[in-house]
Amino acid sequence: RAAVSEDASRRLAGHLRGTGLLPASALARAEDARRGTGETLAGALLALGLLAEDALAAAMAAALGLPLLRREGLPEQPLLLEHLALHFLRRARAW
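Let me sum up the structure you'll find in this document.

Cut-offs used in this document
- Residues numbered from 1 in each chain as written.
- Predicted model: local features only at pLDDT ≥ 70, side-chain atom pairs only at ≥ 80, totals over all residues.
- Heavy atoms only, no water.
- Helix = DSSP H or I, 4+ residues; strand = E, 2+ residues; numbered from the N terminus.
- Rg over C-alpha atoms; globule rule 2.2 N^0.38 Å.
- Buried < 20%, exposed > 50% of the residue type's maximum accessible area, 1.4 Å probe, protein only.
- Contact = heavy atoms within 4.5 Å.
- Areas by Shrake-Rupley, 256 points an atom, 1.4 Å probe, with all protein chains shown as cover.
- Core = buried A, V, L, I, M, F, W, Y, C linked by side-chain atoms within 4.5 Å.
- Polar contact = N/O pair within 3.5 Å; in protein donor to acceptor, adjacent residues only side chain to side chain.
- Salt bridge = Lys/Arg side-chain N within 4 Å of Asp/Glu carboxyl O.

## Looking at the overall build of the protein
Point 1. The helix and strand inventory of the protein stands at five helices and zero strands.
Point 2. Helices and strands in the protein line up, N terminus first, as α-α-α-α-α.
Point 3. The C-alpha atoms of the protein give 16 Å as radius of gyration, which overshoots the globular expectation for 95 residues (12 Å, by more than 25%).
Point 4. For the protein, the C-alpha atoms occupy an extent of roughly 50 × 30 × 25 Å along the three principal directions.
Point 5. Taken over 95 residues, the protein has a buried fraction of 25%.
Point 6. A separation threshold of at least 6 residues defines the contact pool for the protein, and within that pool the share at least 24 residues apart is 42%.
Point 7. For the protein, the accessible area works out to roughly 7000 Å², and carbon and sulfur atoms hold 57% of it.

## Focus: the nonpolar core
Nonpolar side chains in soluble globular proteins tend to end up buried together.
Point 1. By size, the foremost hydrophobic cluster in this structure holds 15 residues, and its most contacted members are Leu12, Leu16, Leu22, Leu41 and Leu45.
Point 2. The set of elements that each furnish at least two residues to this core consists of helix H1 (2-19), helix H2 (24-37), helix H3 (41-47) and helix H4 (53-64).
Point 3. Those residues in contact with leucine 16 that lie beyond four places of it in its chain are Leu21, Leu22, Leu27, Leu45, Leu51 and Ala59.

## Considerations on the environment of alanine 52
Point 1. Within the secondary structure, alanine 52 sits in the loop between H3 and H4.
Point 2. The class of alanine 52 is partly exposed, set by a relative accessible area of 48%.
Point 3. Distance from alanine 52 to glycine 73, taken between C-alpha atoms, is 19 Å for residues 21 residues apart in sequence.

## A look at the side chain of glutamate 31
Point 1. One can find glutamate 31 in helix H2.
Point 2. Side-chain polar atoms of glutamate 31 contact the side chain of arginine 34, separated by 3.0 Å.
Point 3. The residues touching glutamate 31, leaving out its near neighbours within four places in the chain, are Ala13 and Leu41.

## Comments concerning the pattern of salt bridges
Point 1. This structure, assessed with the given rule, holds eight salt bridges.
Point 2. Where glutamate 31 meets arginine 35, a salt bridge forms, and the shortest distance between an N and an O atom there is 3.6 Å. Of the two residues, glutamate 31 and arginine 35 both sit in helix H2, four residues apart, roughly one turn of that helix.
Point 3. Two residues, aspartate 32 and arginine 35, come together in a salt bridge whose shortest N-O distance is 3.0 Å. Taken together, the residues span about one helical turn, with aspartate 32 and arginine 35 both in helix H2 at a distance of three residues.
Point 4. Judged by relative accessible area, which is 54%, arginine 35 ranks as exposed.

Put into structure tokens, the structure is as follows:
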């Protein structure tokens, strides 16, 4: 898992540098925070308030070559909720 997070962080940093979405000084600040806390780069960017969640999601999708799922594309009501056990939902902090 750590290797995947590290690869995603590296790719996100490269995307942010390449597109100029974030000043180099802000990216360096997030990298320092990430190294000091063990957080992912995405987590550090959010915690420091350097990128909004929507901007981060778009940047992550672009950096990782994944489609971006927007809120508008999600169903209003949870799907198959009646098939999930309550203890699972609580453990996943979904209920």
